[in-house]
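Chain by chain, the residues:
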Amino acid sequence: MSSTPVAQPPPVPADAPAGRGWTLATVCVATFMLMLDLTVVNVALPDMRETFDASFADLQWVLDAYALGLAVFLLTAGSLADRFGRKKLFNLGFVIFLLASLACGLAGDVVVLSIARSVQGLGAAVLFAIGPALIGHEYRGKDRGAAFGVFGGVAGLAIAFGPLIGGALTEGLNWRWIFLINLPVGIIALAIGLVRMRESSDPKPHALDWWGLVTFSGALALLVLGFLRGEAEGWGSAPIVGMFTAATVLFLVFFLVERRLGEAAMLDLSLGRNTTFNGISAVTLLCSAATMSAIFLQISYVQNVLDFSAWDTGLRFLPLTLTLFVAAAIAGSLTAVVPQRLLVGTAMAAIALGLWLVTLVDADSSWTALLPSMAATGVGMGLFNPSRASLSIAVAEPEKAGMASGIGETFQQVGVAVGIASVGALFQSRVVDLFVGSEAGKQLGPEAEEFGHAAAAGGGDEAAAAAPAGLRDTLEEAARVAFVDGLHDVMIVCAVLAALGSVIGYAFIRTRDLHESAIAGTEPPGGQDGGKPGGKGEEQAAPVVGAQVPADI
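Now for a look at the structure at hand.

Reading the values: the criteria
Residues numbered from 1 in each chain as written. Predicted model: local features only at pLDDT ≥ 70, side-chain atom pairs only at ≥ 80, totals over all residues. Heavy atoms only, no water. Helix = DSSP H or I, 4+ residues; strand = E, 2+ residues; numbered from the N terminus. Buried < 20%, exposed > 50% of the residue type's maximum accessible area, 1.4 Å probe, protein only. Contact = heavy atoms within 4.5 Å. Patch = residues over 30% accessible without salt bridge, like charges linked within 9 Å, V, L, I, M, F, W, Y side chains within 5 Å. Areas by Shrake-Rupley, 256 points an atom, 1.4 Å probe, with all protein chains shown as cover. Salt bridge = Lys/Arg side-chain N within 4 Å of Asp/Glu carboxyl O. Axes fitted to C-alpha atoms, helices over the stretch in contact; angles between N-to-C directions. Parallel < 35°, antiparallel > 145°, perpendicular 65-115°, else oblique. Left-handed = near helix turned anticlockwise from the far one by under 90°. Nonpolar A, V, L, I, M, F, W, Y, C, P; charged D, E, K, R; others polar. Phe/Tyr/Trp six-rings, centres within 6.5 Å; stacked < 30°, edge-to-face > 60°. Core = buried A, V, L, I, M, F, W, Y, C linked by side-chain atoms within 4.5 Å.

Section: the overall build of the chain
Part 1: Each helix and strand in the chain was counted, giving 22 helices and 0 strands.
Part 2: Relative to its full complement of 553 residues, the chain shows a buried share of 56%.
Part 3: When contacts within the chain are restricted to residue pairs at least 6 apart in sequence, those whose partners lie at least 24 apart make up 82%.

Here you go:
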């Protein structure tokens, strides 16, 4: 093969444009569904409680089971996909996700619903881990940036649209339809994926790393579960301390196993020597912890303090949704011409600004006081999501794209779990302290702390309704002020986390650390099966010399 320098990547096979478009569409539909299921359930919890006559503590497992299943299997799913075929594993994950969605919709009690949600999370992990690798396999150069722009925008839309869609389905039909709606949409997407997606995998796979699979999944399960249940069980309680201790031991065993296996390990430990891998991993963790917890608390503010319905709450978050989608589309076109460090660093700076702007809200504000925050946060999230997804696979060779994508998504989901748990606990503590120290709290006496917990959960008005008539107005106002002041405090903390992510993004993301296929856009159109479904692999193109890539600054 000639090594003559060329200015552009090699031509894409004739069947690629149509096939890759269907791949992008299928991955985006799957991603929208699984990300939607992270948020859509929250607005339906009161209806579920009535259906099953369950406590909110029982229903907490409906949320935790999905998050747990999603977080613990990401790296494993990506590594298995590299070995057995990404299309094959992706479609298997889709089937698991859809069957579990059906089980959720038909569940007869809260225990069955929680179990079905954990299985749904496992299927979602497969989809989430492998999706970016499938996109990276099909797209190169500027096209890859545009594709990840769409992917990042769709993921953000699902998070922002969750309350709106959940409210519409719950109020218009029944809470069971938040799960059943996945079936018709998912079956169509699955059928398209089966017919039009192309297979790819590592042409020289190693034996399955069973010890790595078991120790990593176990460690991550204990870590995430500890954060999810820490507030309810008590952070210093024996079960929570035991979970964190066991997780630490298993992580140590995992790294020892992976170091011994070397090239045959499910996690390529050499990535730890890649500055950009470490940088984007840290930024992803910080971004997820800051933004997801902030969005959940802002939704709680609009829905519980301002007393809007789930549907009306979703409508009022449309400015964030639309800003995010437009910014993601723009980011996709910029990834090929602007250094990734600038995109990531600027995105996190915009998120930090947006979270700090929540402090403009006061106890008497209308929802429009959140608009400046929504605009800045939407721009930041829109710029960040495509770059994160692209960089997660750009640090590794194409044969290990599934593994790289899986570890990237793991950092994201762990960030979500840790952020919501820790920031939520801080918020509750601040609201309780602020209420107990208020004049109304002092008048209430020993019951002030319990009332403060109700105020933190958005139930201040309901709790005040049960108080003596002479205190009701005073208690309602004090609960509202404590909620908003507590929101200010934790939004500042979240803004600091995002600002730290901005510094890391500017300092530790470098173009020279990326794999040559990501820089020049020369990865072969097929993995072990080549460019056409069922076909043989083609000879790999030579590295492009002289391709235009953004320089480090």
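Considering a nonpolar patch on the surface
Part 1: Together, L353, W356, I492 and V496 make up a nonpolar patch on the protein surface, roughly 380 Å² of accessible area in all.
Part 2: Note that V496 resides in helix α21 (residues 472-508).
Part 3: Judged by its relative accessible area of 51%, V496 is exposed.

Here's the deal with the environment of R117
Part 1: The residue R117 is located in helix α6 (residues 110-138) in this model.
Part 2: Distance in space between the C-alpha atoms of R117 and L68 is 9.5 Å, their sequence separation being 49 residues.
Part 3: Setting aside anything within four residues of it in sequence, one finds R117 in contact with D37, V41, V62, L63, A65, Y66, C104 and F179.

What to know about the packing of helix α5 (residues 86-106) against α6
Part 1: Two elements in contact, α5 and α6, have axes separated by 8 Å at closest approach and are oriented at 155°. Put simply, α5 runs roughly antiparallel to α6. Judged by the twist between their axes, the crossing of α5 over α6 is left-handed.
Part 2: Taken together, the residues of the contact of α5 with α6 sort by class into 17 nonpolar, 5 polar and 3 charged.

Digging into the packing of aromatic side chains
Part 1: Within this structure, the stated rule accounts for 7 aromatic pairs.
Part 2: With 6.0 Å between their ring centres and 85° between their planes, F90 and F94 make a pair best called edge-to-face. With F90 and F94 both in helix α5, this residue pair falls 4 residues apart, about one helical turn. As far as burial versus exposure is concerned, F90 and F94 are alike and both buried.
Part 3: For the pair F254 and F255, a centre-to-centre distance of 5.4 Å together with 65° between the ring planes defines the contact as edge-to-face.
Part 4: Overall, F254 belongs to the buried group, its relative accessible area being 0%.
Part 5: Each residue in the set F216, F251, F254 and F255 is aromatic and connected to the rest through ring pairs, giving one cluster.

A few points about the environment of F179
Part 1: Mapping F179 onto the fold places it in helix α8 (residues 177-180).
Part 2: F179 sits in the buried class, given a relative accessible area of 0%.
Part 3: With 138 residues separating them in the primary sequence, F179 and V41 have C-alpha atoms 9.0 Å apart.
Part 4: If we ignore the near neighbours within four places in the chain, the residues touching F179 are D37, V41, M48, S101, C104, G105, L113, R117 and Q120.

So, the nonpolar core
The tendency in soluble globular proteins is for nonpolar side chains to be buried as a group.
Part 1: Counting 81 residues, the largest nonpolar core has L220, V224, Y301, L355, F384, F427 and M491 as its most contacted members.
Part 2: Beyond its immediate sequence surroundings of up to four residues, M491 is in contact with A294, L297, Q298, L355 and V358.
Part 3: Counting residues in each nonpolar core, the second largest holds 59 residues, with L34, A129, F179 and M197 among its members.

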